Amino acid sequence: MKMRSTDDLLAGAALSLGVGQIILSMKNIYEKDDVSSYTVPYLTAGIIGSLLWLTVQYRTGANYSSVYTSMALISQLYILQRVVSKLKDRRDTQ
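Predicted model only: the values in this text are computed from it and were never measured. (Residues numbered from 1 in each chain as written. Predicted model: local features only at pLDDT ≥ 70, side-chain atom pairs only at ≥ 80, totals over all residues. Heavy atoms only, no water.)

Colleague: Help me understand helix H3 (residues 63-93), please; the structure alone is not making it clear to me.
Modeller: In an α-helix, one turn spans 3.6 residues, which is why side chains three or four residues apart end up on the same side. Given a rise of 1.5 Å per residue, 31 residues ought to cover 45 Å, and the 45 Å separating the end C-alpha atoms of H3 matches this to within 8%. Along H3, the residues that are buried comprise Ser66, Thr69, Ala72, Leu73, Ser75, Gln76, Ile79, Leu80, Arg82 and Val83. Next to the buried residues of H3 lie helix H1 (6-32) and helix H2 (40-60). (Helix = DSSP H or I, 4+ residues; strand = E, 2+ residues; numbered from the N terminus. Expected span 1.5 Å × (residues − 1). Buried < 20%, exposed > 50% of the residue type's maximum accessible area, 1.4 Å probe, protein only. Contact = heavy atoms within 4.5 Å.)

So this is what it looks like as structure tokens:
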């Protein structure tokens, strides 16, 4: 049986904490439906950054980081969808 290295354990702990934070943020947005602190340009920049970072991680074989970045990218896309939906609803009521 192979022992895990300290780096693997630290990466796993960091990944677990980060994913937990993403899940709590998404739950909060889903339940309260408050995305007022986000803008389309802000989210678009984050999505582009996540895609670029995911490309680097894929090319270097950083599997732990790739999983975390993918989760962050999915959450950014969900928040962007909520922001655009709210903007559309606001425009339709005016």
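Colleague: Teacher, can you tell me more about the pattern of salt bridges here?
Modeller: Opposite charge on two side chains permits them to pair, given that their charged atoms come into close proximity. Scanning the entire structure with this criterion turns up three salt bridges. With a shortest N-O distance of 2.7 Å, arginine 82 and aspartate 33 are connected by a salt bridge. One end of the pair, arginine 82, is in helix H3; the other, aspartate 33, is in the loop between H1 and H2, and 49 residues separate them in sequence. Judged by relative accessible area, aspartate 33 falls into the partly exposed class, the value being 26%. The closest approach of N and O atoms between aspartate 33 and lysine 86, which form a salt bridge, is 3.0 Å. Separated by 53 residues along the polypeptide, aspartate 33 in the loop between H1 and H2 and lysine 86 in helix H3 bring together distant segments of the chain. (Salt bridge = Lys/Arg side-chain N within 4 Å of Asp/Glu carboxyl O.)

Colleague: Explanation requested: the packing of H1 against H3 in the structure shown.
Modeller: To describe two helices that pack against each other, one gives the angle between their axes and the distance between the axes. Viewed as axis vectors pointing N to C, H1 and H3 meet at an angle of 10°, and their least axial separation amounts to 10 Å. Taken as axis vectors, H1 and H3 run roughly parallel relative to one another. Facing Asp8, Ala11, Leu15, Gly18, Val19, Ile22, Met26, Ile29 and Tyr30 of H1, the residues of H3 in contact are Tyr64, Val67, Tyr68, Met71, Ala72, Ser75, Tyr78 and Ile79. Per-class residue counts for the contact of H1 with H3 are 14 nonpolar, two polar and one charged. (Axes fitted to C-alpha atoms, helices over the stretch in contact; angles between N-to-C directions. Parallel < 35°, antiparallel > 145°, perpendicular 65-115°, else oblique. Nonpolar A, V, L, I, M, F, W, Y, C, P; charged D, E, K, R; others polar.)

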